[in-house]
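# Structure at a glance
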Amino acid sequence: MKKVIAVCMFALMAVAAQAQKFALIDMEYILEHIPAYERANEQLNQVSKKWQAEVEALSIQAANLYKNYQNEVVFLSQEQKKAKQEEIMNKEKEAAELKKKYFGPEGELFKKRESLIAPIQDEIYNVVKEISALRGYSLVLDRSSDAAIIFGSPKIDISNEVLQKLGYSNNLR
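So, a few notes on the structure that sits alongside this text. These figures come from a predicted structure and were not determined experimentally. (Residues numbered from 1 in each chain as written. Predicted model: local features only at pLDDT ≥ 70, side-chain atom pairs only at ≥ 80, totals over all residues. Heavy atoms only, no water.)

In terms of helices and strands, the protein carries six helices and two strands. For the protein, the N- to C-terminal ordering of α and β elements is α-β-α-α-α-α-β-α. Relative to its full complement of 173 residues, the protein shows a buried share of 26%. Partitioning the contacts of the protein with sequence separation of at least 6, the portion at a separation of at least 24 is 75%. Here the protein has roughly 12500 Å² of accessible surface; of this, 56% comes from carbon and sulfur atoms. (Helix = DSSP H or I, 4+ residues; strand = E, 2+ residues; numbered from the N terminus. Buried < 20%, exposed > 50% of the residue type's maximum accessible area, 1.4 Å probe, protein only. Contact = heavy atoms within 4.5 Å. Areas by Shrake-Rupley, 256 points an atom, 1.4 Å probe, with all protein chains shown as cover.)

Structure follows, in structure tokens:
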């Protein structure tokens, strides 16, 4: 009796698994074929370099203040030492706050990335959702970000179809 139940359960699971349809996309491939994404990344890189230079300039100022303090420490009174130490700490704090403002989890770079990249990702998501509804896919996986996918048949890769629906059909694989 247990064997019959086990065979029936296995058969039901096999039927249920066959009823589901899957597809793959390669998000890296899709994004590298969207010029707006490349422009957004370039813009982010330029802003990031500019902000990093500002943070480094403050850090260098703090380091120079400390170096000068080290050279002058034997000639300074207690009040002067304390004032110089506070100046150094304030400059270091200013650099750390600026770094957090620009590069922190909710910083300016994060907000800029959201404003530039999120609309592109939303557009891709909507096209994938539309194709999935049209073709009856239960699940669409991103082969570029999931290391657990060891093999994916090119037959179920819909990356080119996504690009075509987005209007980028030139030079596709």
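Take the pattern of salt bridges next. Counting across every chain of the model gives five salt bridges. In this structure, Lys-91 and Glu-94 form a salt bridge, with 3.7 Å as the shortest nitrogen-oxygen distance. You can see Lys-91 and its partner Glu-94 sitting in helix α4 (residues 78–103), three residues apart, about one turn around the helix. A relative accessible area of 37% means that Glu-94 is categorised as partly exposed. We note a salt bridge from Glu-130 to Lys-165, for which the minimum N-O separation is 3.2 Å. Within this pair, whereas Glu-130 is found in helix α5 (residues 108–135), its partner Lys-165 is found in helix α6 (residues 159–166), the two being separated by 35 residues in sequence. Looking at Glu-130, the relative accessible area reads 43%, which means it is partly exposed. For Lys-165, a relative accessible area of 40% translates into the label partly exposed. (Salt bridge = Lys/Arg side-chain N within 4 Å of Asp/Glu carboxyl O.)

What follows deals with the nonpolar core. Generally speaking, nonpolar side chains in soluble globular proteins are found buried as a group. Formed by 28 residues in total, the largest nonpolar core has its most connected members in Ile-30, Ile-34, Ile-124, Ile-158, Val-162 and Leu-166. Among the elements of the structure, β1 (22–25), α2 (27–32), α3 (35–72), α4, α5 and α6 are those that each provide at least two residues to this core. Apart from the residues lying within four places of it in its own chain, the contact partners of Ile-158 are Ala-23, Leu-24, Ile-25, Ile-131, Arg-135, Tyr-137 and Val-140. (Core = buried A, V, L, I, M, F, W, Y, C linked by side-chain atoms within 4.5 Å.)

This part takes up the environment of Ile-131. Its location among the elements puts Ile-131 in helix α5. As for Ile-131 and Val-162, which are separated by 31 residues in sequence, their C-alpha atoms are 7.8 Å apart. What Ile-131 contacts, discounting residues up to four positions off in sequence, is Tyr-137, Ile-158, Glu-161, Val-162 and Lys-165.

Turning next to the packing of α3 against α5. Interaxial distance between α3 and α5 falls to 10 Å at its minimum, and their mutual angle equals 175 degrees. Taken together, the axes of α3 and α5 are roughly antiparallel relative to one another. From α3, Ala-36, Tyr-37, Ala-40, Asn-41, Gln-43, Leu-44, Val-47, Ser-48 and Trp-51 reach across to α5, where they touch Glu-108, Leu-109, Lys-112, Arg-113, Leu-116, Ile-117 and Ile-120. Among the residues forming the contact of α3 with α5, the class breakdown is 10 nonpolar, three polar and three charged. (Axes fitted to C-alpha atoms, helices over the stretch in contact; angles between N-to-C directions. Parallel < 35°, antiparallel > 145°, perpendicular 65-115°, else oblique. Nonpolar A, V, L, I, M, F, W, Y, C, P; charged D, E, K, R; others polar.)

Here the focus is the packing of α3 against α4. The relative placement of two packed helices comes down to the angle between their axes together with the axis-to-axis distance. At a minimum axis separation of 9 Å, α3 and α4 run at an interaxial angle of 165 degrees. One way to sum up the angle between α3 and α4 is to call them roughly antiparallel. For the pair α3 and α4, the crossing hand works out as left-handed. (Left-handed = near helix turned anticlockwise from the far one by under 90°.)

Nonpolar side chains collect at one region of the surface, where Phe-22, Leu-139 and Leu-141 lie side by side and expose about 220 Å² of accessible area between them. Mapped onto the fold, Leu-141 is located in strand β2 (residues 139–142). A relative accessible area of 30% means that Leu-141 is categorised as partly exposed. (Patch = residues over 30% accessible without salt bridge, like charges linked within 9 Å, V, L, I, M, F, W, Y side chains within 5 Å.)

Mapped onto the elements, Glu-161 comes out in helix α6. The class for Glu-161 is buried, based on a relative accessible area of 18%. Once residues lying within four places of it in the same chain are set aside, the contact partners of Glu-161 are Ile-131 and Arg-135.

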